[in-house]
Amino acid sequence: DKTQCTMLTTWLVELYLNELGVLQDQGKQQDRKRLQKDFHDMLQKDMLKECLEVNSRTIYSLMASHGCVEDMVFFAGLMKDYERVINYHTQQSHYKEALQVLSQSVGSAHLFYKFSPLLMQHIPTATVDAWIEKGRNLEPKRLIPSLIQCNQPAAAESHQMQEAIRYLEFCVEKLGNRETAIHNFLLSLYAKLNDKTKLLKYLYKHSKVDSAVPYDARYALRVCNEVKELDRACVHIYSVMGLLEEAVNLALTFDVDLAKEVASRQMNDDSLQKKLWLSIAKHVIEEEQNINQAMKFLSDCAYLKIEDILPFFPDFVTIDQFKEAICRSLQEYNTHIDSLKTEMKGATESAKSIRADIHEVRNKYGIIAPDAKCGLCQFPLLTKGFYLFPCHHYFHSDCLIQELMQQLPGHQR
């Protein structure tokens, strides 16, 4: 009978707890340990399993009333009440034991999300190891609250931030995570640590295709702008966003070669590319006063000519430095003018030939018999307007147009 079983089981638990309390008060620890072992063996008996599960709340209340915390934790483990066990260990500051229970529990993802913020504060390395071991069984996005505290100023002095980066890198590289929140947070940690090497490596790897960028480019730009010495990363992000003028202007403040690299990228807008190269040339001439390098641009870039950069030169500059470029440009213009003259000559001859053909056509005539009929409708030809072809075929105008309309595609009709 279930009722009798419940009463007997509860009574036995009460007796054990009373006796354990008496032995505790008397200081008989050895006797108490033996009795406690017998008590635990009794709780593990298969015949009592169902009864204990049904009446677990009553058993918890009895143990709590007697102050038997260890027995309550043991019983919670038997009932697979992992949350209660973990709560006990965290209250006792036994964080490693709490994480061990958490890692061994089955289907405990919700417990990871609940206790990870506390565990991350005290044992970050072991906590991240547990997360990595769980792999795809955990949702990285739901662990962000545990990682947020690593972004605080005090965390920079500890290894919490490094452990957070280790887990985020695992999510990105091993799990192939594409969630924007994960990528944004990883990027912000790189920036906060001023880790230029890892930041640039990340940006180059994940910015090959604009449409596939997994992070928020505007957020990344704002984060990098807040930290000094990340100008190179800002240039790359500007390029990803398609803001090439801003990228070139920023690059010119610290690395002309980087600006040239940005301007040299393939793009469909020739006018924009010319504008970028003009900005670089202007900077080199006016700010760095390096005329020789500016002249070198003429050979490196097909979009610039000597006349484009001449306005940037100082008023009193010797012509010797760019005499060769001017002569080369004049030679190119002469060649171009000769080419235009040849084209104009050919066009003139073609026009003369066309005028002669038109004049000849005007003087041509054909003889049509009075009883001639349209080649399409077979009605007398002379009854309305018609076309006479050199091959001696003739058709009414409207009949010919109607016939041609049938041969044309729909969009040309």
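Procedures and definitions
Residue numbering note: each chain is counted from 1, following its sequence as written. This being a predicted model, a pLDDT of at least 70 is required before a residue's local features are given, and a value of 80 or more before pairs of side-chain atoms are given or counted; all residues contribute to the totals for chains, interfaces and linings. As a convention, hydrogens and water are excluded, and side-chain values are obtained from all of the structure's heavy atoms. A run of DSSP states H or I qualifies as a helix once it reaches four residues; a run of E qualifies as a strand once it reaches two. Both are numbered from the N-terminal end. Buried means the residue's accessible area, taken with a 1.4 Å probe over protein chains only, is under 20% of the maximum for its type, while exposed means over 50%, and partly exposed covers the values in between. Per-residue accessibility takes into account occlusion by the displayed protein chains alone, with areas from the Shrake-Rupley method and a 1.4 Å probe. Note on terminology: disulfide denotes any pair of cysteine sulfur atoms within 2.5 Å. Throughout, the arc means that of the directions going from the helix axis to the C-beta atoms. For this analysis, a nonpolar core means a set of buried residues of the types Ala, Val, Leu, Ile, Met, Phe, Trp, Tyr and Cys, connected via side-chain atoms within 4.5 Å. Should any heavy atoms of two residues lie within 4.5 Å, those residues are counted as being in contact. Only the six-membered ring of Trp is used, alongside the rings of Phe and Tyr, when aromatic pairs are assigned; centres must lie within 6.5 Å, and planes under 30 degrees apart are stacked while those over 60 apart are edge-to-face, with the rest tilted. Per-residue confidence from the predictor is reported as pLDDT, which spans 0 to 100. Note on definitions: salt bridges are taken to be side-chain nitrogens of Lys or Arg within 4 Å of carboxyl oxygens of Asp or Glu. Helix axes are fitted to C-alpha atoms over the stretch in contact, other axes to C-alpha atoms as well, and angles between N-to-C directions run from 0 to 180 degrees. Basically, the charged four are Asp, Glu, Lys and Arg, the nonpolar ten are Ala, Val, Leu, Ile, Met, Phe, Trp, Tyr, Cys and Pro, and anything else, Gly included, counts as polar. Orientation labels follow simple angle bins: below 35 degrees gives roughly parallel, above 145 gives roughly antiparallel, 65 to 115 gives roughly perpendicular, and whatever is left gives oblique. In this scheme, a crossing is called left-handed if the near helix is turned counterclockwise away from the far one by less than a right angle; it is called right-handed if the turn is clockwise.

Peer 1: Is there a simple way to think about the overall build of the protein chain in this case?
Peer 2: Within the protein chain one finds 22 helices and two strands. Burial analysis of the protein chain (413 residues in total) assigns 38% to the buried set. Roughly 25,800 Å² of accessible area belongs to the protein chain as shown, and the carbon and sulfur atoms make up 52% of that amount.

Peer 1: For this particular structure, what's the right way to read the state of the cysteines?
Peer 2: As used here, a disulfide is simply a covalent bond connecting the sulfur atoms of two cysteines. Within this structure, the stated rule accounts for zero disulfides. No disulfide involves C377; its sulfur sits 3.7 Å from the nearest other cysteine sulfur, which is in C399. The class of C377 is partly exposed, set by a relative accessible area of 26%. Taking relative accessible area as the criterion, C399 reaches 14% and is therefore assigned buried.

Peer 1: In this structure, what is going on with unusual backbone geometry? I would like to understand it.
Peer 2: Most of the time, phi is negative for any residue but glycine, and the peptide bond is trans. Backbone geometry places S93, a non-glycine residue, at a positive phi of 65°. Note that S93 resides in the loop between helix 6 (82-91) and helix 7 (95-104). Classification of S93 as partly exposed rests on a relative accessible area of 45%.

Peer 1: How should I be thinking about helix 9 (residues 124-134) in this particular structure?
Peer 2: Think of an α-helix as 3.6 residues a turn; residues three or four steps apart then line up on the same face. Taken residue by residue, helix 9 has P124, T127, V128, A130 and W131 as its buried positions. Along helix 9, the residues classed as buried sweep out an arc of 155° about the axis, all on the same side. After helix 9 finishes, the residue G135 shows a positive phi value of roughly 60°.

Peer 1: Looking at this structure, I do not really get the nonpolar core. What am I missing?
Peer 2: Note on soluble globular proteins: their nonpolar side chains tend to be buried together. Ranked by size, the top nonpolar core spans 93 residues in total, and within it F39, W131, Y215 and I280 carry the most contacts. When residues in this core are grouped by element, the largest group, eight residues, is from helix 11 (residues 160-174). Those residues in contact with W131 that lie beyond four places of it in its chain are F112, S116, M120, L138, L143, S146, L147 and Y167. Core analysis: the second largest hydrophobic core is formed by six residues, C374, F395, C399 and L400 among them.

Peer 1: I would appreciate a short explanation of the packing of aromatic side chains in the present structure.
Peer 2: Two measures describe an aromatic ring pair: the distance that separates the ring centres and the angle between the ring planes. Here the structure, examined in full by the defined rule, presents five aromatic pairs. Centre to centre, the rings of Y202 and Y215 are 5.9 Å apart; their planes meet at 45°, and the pair counts as tilted. One end of the pair, Y202, is in helix 13 (residues 196-205); the other, Y215, is in the loop between helix 13 and helix 14 (217-226), and 13 residues separate them in sequence. This pair shows no difference in class: Y202 is buried, exactly as Y215 is. Centre to centre, the rings of F389 and F395 are 6.1 Å apart; their planes meet at 65°, and the pair counts as edge-to-face. Here a set of aromatic residues connected by ring pairs shows up, and it is made of W131, Y167 and F170.

Peer 1: Mind showing me how you'd approach the confidence of the model for the protein chain here?
Peer 2: Atomic detail in the predicted coordinates should be set aside for any region of low pLDDT. In the predicted model, the protein chain carries a mean pLDDT of 81, and the fraction of residues at 70 or more is 85%. No element of the protein chain has a lower mean pLDDT than helix 20 (residues 306-309), which averages 61, and none a higher one than helix 9, which averages 93.

Peer 1: What's the story with the pattern of salt bridges in this structure? I'm lost.
Peer 2: Side-chain pairs of opposite charge can arise where the charged atoms are in close proximity. Applying the stated criterion across every chain, the model contains eight salt bridges. Here D129 ties to R166 by a salt bridge, and the two come within 2.9 Å at their closest N and O atoms. One end of the pair, D129, is in helix 9; the other, R166, is in helix 11, with 37 residues separating them in the sequence. The residue K275 makes a salt bridge to E245 at a minimum N-O spacing of 3.3 Å. Of this pair, K275 sits in helix 18 (residues 270-287) while E245 is found in helix 16 (residues 244-251), placing the two residues 30 residues apart along the sequence.

Peer 1: Hey, could you run me through the environment of V73 in this one?
Peer 2: Counting through the fold element by element, V73 comes out in helix 5 (residues 69-78). Residue class for V73 comes out buried when judged on its relative accessible area of 16%. Along the primary structure V73 and Y88 are separated by 15 residues, whereas in three dimensions their C-alpha atoms are 7.4 Å apart.

Peer 1: What is the right way to read the environment of F386 from this model?
Peer 2: Along the chain, F386 turns up in strand 1 (residues 386-388). Classification of F386 by relative accessible area gives partly exposed; the value is 32%. Separated by 13 residues in the primary sequence, F386 and C399 have C-alpha atoms spaced 8.8 Å apart. Look past the residues within four positions of F386 in its chain and what remains in contact with it is I368, L381, F395, H396 and S397.

Peer 1: Help me out: how do you make sense of the packing of helix 8 (residues 109-122) against helix 9 in this one?
Peer 2: A pair of packed helices is captured by two measures, namely the crossing angle of their axes and the spacing between those axes. Two numbers describe how helix 8 lies on helix 9: the axes approach to 7 Å, and their chain directions differ by 145°. Every residue of helix 9 that contacts helix 8 at F112, S116, L119, M120 and H122 is listed here: P124, T127, V128, A130, W131 and K134. Classifying every residue of the contact of helix 8 with helix 9 gives seven nonpolar, three polar and one charged.

Peer 1: Help me understand the packing of helix 6 against helix 7 in this model?
Peer 2: Axis separation between helix 6 and helix 7 bottoms out at 8 Å; the angle between their running directions is 165°. When the axis of helix 6 is compared with that of helix 7, the two are roughly antiparallel. The element helix 6 and its partner helix 7 pack so that their crossing is left-handed. Facing Y82, V85, I86, H89 and T90 of helix 6, the residues of helix 7 in contact are Y95, E97, A98, V101 and L102. Partitioned by chemical class, the residues of the contact of helix 6 with helix 7 number seven nonpolar, two polar and one charged.

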